[in-house]
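# Summary of the model geometry
One letter stands for each residue in the lines below.
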Amino acid sequence: MSRHRARRGDPLPAAAPSARGRIATWRGQHAWSLHASLQRLAAHPVGTALTLTVMGFALALPLAFYLALGNLQRFGAALGESQAISVFLKPGLGAAAVAGLASDLRARADVAVVATRTPQQGLAELSAMQGFGPGLAALADNPLPYVLVVTPRAGLDARAGQALVTALRALPAADRVQDNSAWRGRLDALLTLGRRVVLLLGALLALAALLVVGNSVRQDIQAHAEEIAVMQLVGASPGFVRRPYLYAGICYGFGSGVVAVALVLLLELALTGPVATLAAAWGGGLRFAGLAPALLLAVPFAAALLGWLGARIAGARHLTAVEPH
Amino acid sequence: MPARAGLAATLAHAMLPASPEPAAPVIRLDQVSKRYPGGHEALSQLSFELGAGEMAFVTGHSGAGKSTLLKLLGLLERPSHGAVMVGGVNLGSVRRSGIPRLRRQVGMVFQDHRLLMDRSVFANVELPLVVAGVPPAERGKRVRAALEKVGLLAHEKKSPPALSAGEQQRVGIARAIVGKPPLLIADEPTGNLDPQLAVEIMGLFVEFQQVGATVLVATHDLFLIKRMRKRVIVLDHGRLVDDVAAAEVV
Ligand SMILES: Nc1ncnc2c1ncn2[C@@H]1O[C@H](COP(=O)(O)OP(=O)(O)OP(=O)(O)O)[C@@H](O)[C@H]1O
Ligand SMILES: [Mg+2]
C-alpha cells in the first residue's frame, strides 16, 4: 500500500537527475541489452554457428590471399638475388681476352661474381642433355661462344640492375646479353595486380559479410516481432528496441573475425612445412612468414564494426516495419 | 505545457487533492472522431472527461469503438478529428519521438495480455522498468512489490505458459502497474476469465483507484459493471449514448 501512496512523489525516473544517475541508467540498460542479445544467440546455437562460419570464411579468404601474396613477394625477392646475367661473347674471342674482360667486370661495384664458361663446358653440358649427343658429335668445330655469368651484387634495386644490364650490352665483346632478372619485373607487375585483386576481393567479401549479418539480424527481428511490439507498448524508445540487435551484430562480427583468424592460423600451420621443403629445394634460406600479429588482432575488431554496420542497416529497414504505426 | 516533459508533472499535479485550483481532468476528449483507412467511423464526435483518481467503465456492443478509444489514449492510433488530452497534454502535439515517454505514464492491460511467453514472469513485469532506465537493484524491489500486489510472488520464476489464464492476466496487470503510472487503461481484462476470477481482477483495479490512480476499463460484462458500482460510459456505433455516474449504477 505504501508503495502506491508514494506514487505522487515518486514518478518514473524518466530523466535521471544527476550525471552519475544517468550513467548508471545507461550502463544498466546496455547490460540488459547485451545480455538479451547473447541469450538470443545462445538460444539458436546452430543458426549462430552457421552465420559465424559463413562470415568467418568470407573474411578469411582475403586474408589468405594477402598471406600468399606477401610470401610470394618475399620469395621473389630472395630468388632475384640468386639470379645472374649471362653475357654471350662474340665468337672467335680468345681465352686471354675473355679473362681480361672478366676481371674488368669483377672490378665493378655492382657486380658480385663473374664466372667464365668455356665453349668446351657448354658443349659438355649440351651433350649431357638427351637427344643432342649424336648431332653434336657430327660437328667438326665447337660453335659455342664463351659465356660470362655475371651475378649482380646482392640488394641491387631494379633500376641499378637495369643499368648493369645496359652496361653489359654496351660491351664491344658482347654478342648477346640474357637478362635472367627480366622475370622479376613480370613478377612485380603480377604482385601489383595481386594486391589490387586482394583489395577488391576484400571489399567484395566484406560486403558479403555485411549481407550475412544483415540477414541474420533481419531474421532475429522477425522472430521477435511480438517482443518488439510489447517493448514499444511499455514505452521503449526506438534506440532501446534496436540495441540488442546492434549488440547481436557486433557479436556476429567479432565471432566471425575470430573464426577467420583461426582459419588463417590453421592455413599457416599447414603451409609452413611444405614451403620450407620448397625453399630448401631452391637452396635459399627462405622461411614461410605468417601474417603480422597486429593485423590478426585487428581483424575481429574490424569485423565487429562490420557486424554493427550490418545490424544497423537491417534495423533501419526492418524495425520500423514491426512498429504499430 | 510542453508535450514531452510535462505529462508526468501534470498528471501528478492533477492528482493533488490539496491543489488550490480545481483538479484538471486526466482524460479529456473533445469532439473526437476516428475513421480507419477504408473503414467507417469507429468513433464519432466523442466528448467526455475523466477526473484524477476517477474510475470508469467503457461499454457497448462489439464494434462500438471501445478498443479504438483506448488505443487513442495510448497513442496506438491517432484521431481523425478532435483533440485527445491526457494529463492536460494534447496528444496531437506529441510527436513520434515523444510516444515512448507518454506510454511510460500510461499503464496498459490487454485482453490477450501480450506477455512474452519465453521470458519469466519476473522478466515480463520488469520490462517497463528496464525501458524506463530504473537501476537493477530497485527493479527487483518494485517487481516483487507489484507481483505481491497481484498475488503472484511465488510464481516469479515461472514462464507465462505455466500459469492459468487468470494468473497470466494478473502478470499483465503487474506489468502495467509496476512503473506506477498515474493512468491505467485496460481493454477487456476479464474477457477470458470465469466470473469469480473476473471479480477478483476488477477488485485489483478498484484498489489501484483507491490509492490514487485514474482507471479506465473497457468491458461488455454488464454483470461485472453493476457489481463494481463505478461510472459507466456507454458507446454505440462510436457515439456516446450514456454516461452513468457511479451513484446511479443499479
Ligand atoms: N485497424 C483497424 N482497421 C480498420 N477498422 C478497424 C480497425 N480496428 C477496428 N476497426 C473497426 O472499428 C470499429 C470499432 O472497433 P473496436 O475494436 O474499437 O470495437 P470494440 O468496441 O473494441 O469491439 P469488441 O467488443 O469486439 O472488442 C469496428 O467496426 C472495427 O471493425
Ligand atoms: Mg475491443
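In case you missed it, the structure is sitting above this.
I will try to describe carefully the structure that is included in this document. (Residues numbered from 1 in each chain as written. Chains lettered and ligands numbered in written order. Predicted model: local features only at pLDDT ≥ 70, side-chain atom pairs only at ≥ 80, totals over all residues. Heavy atoms only, no water.)

### Some remarks on the overall build of chain B
For chain B, the helix and strand inventory stands at 8 helices and 10 strands. On C-alpha atoms alone, chain B measures out to a radius of gyration of 18 Å, which is about the 18 Å that the 2.2 N^0.38 rule sets for 250 residues. Overall, the C-alpha framework of chain B stretches about 45 × 45 × 40 Å when taken along its three principal axes. Across the 250 residues in chain B, those meeting the buried criterion constitute 57%. Long-range contacts, defined as pairs at least 24 residues apart, comprise 69% of the intrachain contacts of chain B with a sequence gap of at least 6. Distance between charge centroids for chain B: 7 Å, based on 30 positive and 23 negative side chains. (Helix = DSSP H or I, 4+ residues; strand = E, 2+ residues; numbered from the N terminus. Rg over C-alpha atoms; globule rule 2.2 N^0.38 Å. Buried < 20%, exposed > 50% of the residue type's maximum accessible area, 1.4 Å probe, protein only. Contact = heavy atoms within 4.5 Å. Lys, Arg positive; Asp, Glu negative; His and termini not counted. Charge placed at Lys NZ, Arg CZ, Asp CG, Glu CD.)

### Quick look at the overall build of chain A
What chain A contains, in helices and strands, is 11 helices and 4 strands. Residues classed as buried in chain A amount to 38% of the 325 residues present. Counting contacts in chain A only where the partners sit at least 6 residues apart, residues at least 24 apart contribute 86% of the total. Accessible area of chain A: about 17,800 Å², with a carbon and sulfur share of 67%. (Areas by Shrake-Rupley, 256 points an atom, 1.4 Å probe, with all protein chains shown as cover.)

### Here's the deal with the side chain of Ser33 of chain A
Relative to the helices and strands, Ser33 of chain A is located in helix α2 (residues 19–43). Beyond its immediate sequence surroundings of up to four residues, Ser33 of chain A is in contact with Phe240, Arg243, Pro244 and Tyr247 of chain A.

### Overview of the side chain of Glu126 of chain B
Structurally, the position occupied by Glu126 of chain B is in helix α4 (residues 121–132). Residue Glu126 of chain B is classed as buried on the basis of its relative accessible area of 13%. Sequence-distant contacts of Glu126 of chain B, that is, excluding residues within four places in its chain, are made with Trp32 of chain A together with Arg139 and Val143 of chain B.

### Considerations on the sheet that holds strand β3 (residues 147–152) of chain A
Residues and elements named next belong to chain A. Taking strand neighbours across the sheet as the criterion, the 4 strands line up as β2-β3-β1-β4 in an open arrangement whose pairing is antiparallel. Bordering the open sheet on either side are β2 (111–117) and β4 (174–179), each of which pairs with just one other strand. Averaged over neighbouring strand pairs, the angle between their axes works out to 20° when direction is ignored. Strand direction decides the pairing type here: strand β1 (residues 85–89) and β4, joined by 5 bridges, are antiparallel. Residue pairing in the sheet places Ser86 in a bridge with Gln178 of β4. Together, β1, β2, β3 and β4 form the strand contacts of helix α7 (residues 158–169), whose direction differs from that of β4 by roughly 160°. (Pairing = 2+ DSSP bridges. Axes fitted to C-alpha atoms, helices over the stretch in contact; angles between N-to-C directions.)

### With respect to the packing of α2 of chain A against helix α10 (residues 238–281) of chain A
All names here are of chain A. At a closest axis distance of 8 Å, the pairing of α2 and α10 adopts a crossing angle of 55°. Taken together, the axis directions place α2 and α10 in an arrangement best described as oblique. Classified by chirality, the crossing of α10 by α2 is right-handed. Touching Gln29, His30, Trp32, Ser33, Leu34, Ser37, Leu38, Arg40 and Leu41 of α2 are Phe240, Arg243, Pro244, Tyr245, Tyr247, Ala248, Cys251 and Tyr252, all from α10. Considered class by class, the residues forming the contact of α2 with α10 number 11 nonpolar, 4 polar and 2 charged. (Parallel < 35°, antiparallel > 145°, perpendicular 65-115°, else oblique. Left-handed = near helix turned anticlockwise from the far one by under 90°. Nonpolar A, V, L, I, M, F, W, Y, C, P; charged D, E, K, R; others polar.)

### Let's talk about the site of ligand 1
Residues and elements named next belong to chain B. Near ligand 1 you find 13 residues, and of these Ser62, Gly63, Lys66, Ser67 and Thr68 are the closest. His40 places a side-chain nitrogen or oxygen 3.3 Å from an oxygen atom of ligand 1. Residue Ser67 places a side-chain N or O atom 2.7 Å away from an oxygen atom belonging to ligand 1. Contact with the protein chains removes 63% of the 630 Å² of surface that ligand 1 exposes when unbound. Ranked by residues supplied to the shell around ligand 1, first place goes to helix α2 (residues 66–73) with 3 residues. (Near = heavy atom within 4 Å. Polar contact = N/O pair within 3.5 Å; in protein donor to acceptor, adjacent residues only side chain to side chain.)

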